[in-house]
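Chain by chain, the residues:
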Amino acid sequence: MAEYKNILVATDLGEDTTSILRQGIAIAGSGDVKLHLIHVIEPLSFAYGGDIPMDFSGIQEEIHQQASQQMLRVSEAYNIDAQRQYIVLGKPEVEIHVKAAELGADLIVVGSHGRHGLALLMGSTANGVLHGATCDVLAVRVGQDT
Ligand code: AMP
């Protein structure tokens, strides 16, 4: 296996975060490997902007604060450097690629639910990250719907 130096773990901050992060940490081992954690917040205006004429900034700020608190909890539990935690706004697969390029990441770790049927046809973040990635991608199998 390649020796990775810069690992970017993508998290939706949900219940699978621990299993995904543990895989990243296991691969990082104890050597001189940088482990980064990213969470992407999709702007509400992406989903509703055109349809509902209202100001989303208050709700968006609330979502950001909750994400920051959750990110802090995870990072403290797994000893992830504050400078290697990123919360960004945008479309998850796009922003994960952008951050991976910025960091010169050689491995991206994501969760994958192994969906089938309609959900598979509609795609997933893991698929989105895999397509167009310029480095290795590890899809960690998570969840019950396998
Ligand atoms: P999903 O396809 O939404 O079930 O997500 C699969 C995996 O993609 C998650 O386990 C995370 O690793 C990653 N992911 C999904 N949403 C986000 C997000 N908003 N920010 C960062 N990573 C995400």
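See the structure shown above.
Residues numbered from 1 in each chain as written. Predicted model: local features only at pLDDT ≥ 70, side-chain atom pairs only at ≥ 80, totals over all residues. Heavy atoms only, no water.

*Asks:* What am I meant to see in the overall build of the protein here?
*Replies:* In terms of regular secondary structure, the protein is built from six helices and five strands. For the protein, the N- to C-terminal ordering of α and β elements is β-α-β-α-α-β-α-β-α-α-β. Within the protein, the fraction of its 146 residues that count as buried is 36%. A separation of at least 24 residues holds for 77% of the contacts in the protein among residues at least 6 apart in sequence. Surface exposure of the protein reaches about 8,700 Å², of which carbon and sulfur atoms provide 51%. (Helix = DSSP H or I, 4+ residues; strand = E, 2+ residues; numbered from the N terminus. Buried < 20%, exposed > 50% of the residue type's maximum accessible area, 1.4 Å probe, protein only. Contact = heavy atoms within 4.5 Å. Areas by Shrake-Rupley, 256 points an atom, 1.4 Å probe, with all protein chains shown as cover.)

*Asks:* Would you take a moment to explain the pattern of salt bridges for this structure?
*Replies:* Where side chains of opposite charge bring their charged atoms close, a pairing between them can arise. Following the criterion strictly, the structure yields two salt bridges and no others. A salt bridge links Lys91 to Glu93; the shortest N-O distance between them is 3.7 Å. A salt bridge links Glu102 to Lys99; the nearest nitrogen and oxygen atoms lie 2.9 Å apart. With Glu102 and Lys99 both in helix α4 (residues 92-103) and three residues apart, the pair spans about one turn of that helix. By relative accessible area, Glu102 is classed as exposed at 55%. (Salt bridge = Lys/Arg side-chain N within 4 Å of Asp/Glu carboxyl O.)

*Asks:* What's the story with a nonpolar patch on the surface in this structure? I'm lost.
*Replies:* Side chains of Met54, Ile59 and Ile63 sit close together on the surface and give an oily, nonpolar patch of about 240 Å² of accessible area. Mapped onto the elements, Ile63 comes out in helix α3 (residues 57-78). (Patch = residues over 30% accessible without salt bridge, like charges linked within 9 Å, V, L, I, M, F, W, Y side chains within 5 Å.)

*Asks:* Help me understand the packing of aromatic side chains, please; the structure alone is not making it clear to me.
*Replies:* Here a ring pair, both rings aromatic, is described through the centre-centre distance and the interplanar angle of the planes. Under the counting rule described, the total for this entry stands at zero aromatic pairs. The cationic tip of Lys99 hangs over the ring face of Tyr86; the distance from NZ or CZ to the ring centre is 4.3 Å. (Phe/Tyr/Trp six-rings, centres within 6.5 Å; stacked < 30°, edge-to-face > 60°. Lys NZ or Arg CZ within 6 Å of the ring centre and 35° of its normal.)

*Asks:* What is the right way to look at α4 in this model?
*Replies:* Count 3.6 residues to each turn of an α-helix, and residues three or four apart come out pointing the same way. With twelve residues, α4 should cover 16 Å at 1.5 Å per step; its first-to-last C-alpha distance of 16 Å lies within 8% of that length. Here α4 has its buried residues at Pro92, Glu93, Glu95, Ile96, Lys99 and Ala100. Mapping the buried residues of α4 onto a view down its axis gives an arc of 165 degrees, with all of them on the same face. Exposed residues on α4 whose side chains face more than 90 degrees from its buried face are Ala101 and Glu102. In this structure, the buried residues of α4 make contact with β1 (6-10), β2 (34-41), β3 (85-89), β4 (107-112) and α6 (125-130). (Expected span 1.5 Å × (residues − 1). Arc of directions from axis to C-beta.)

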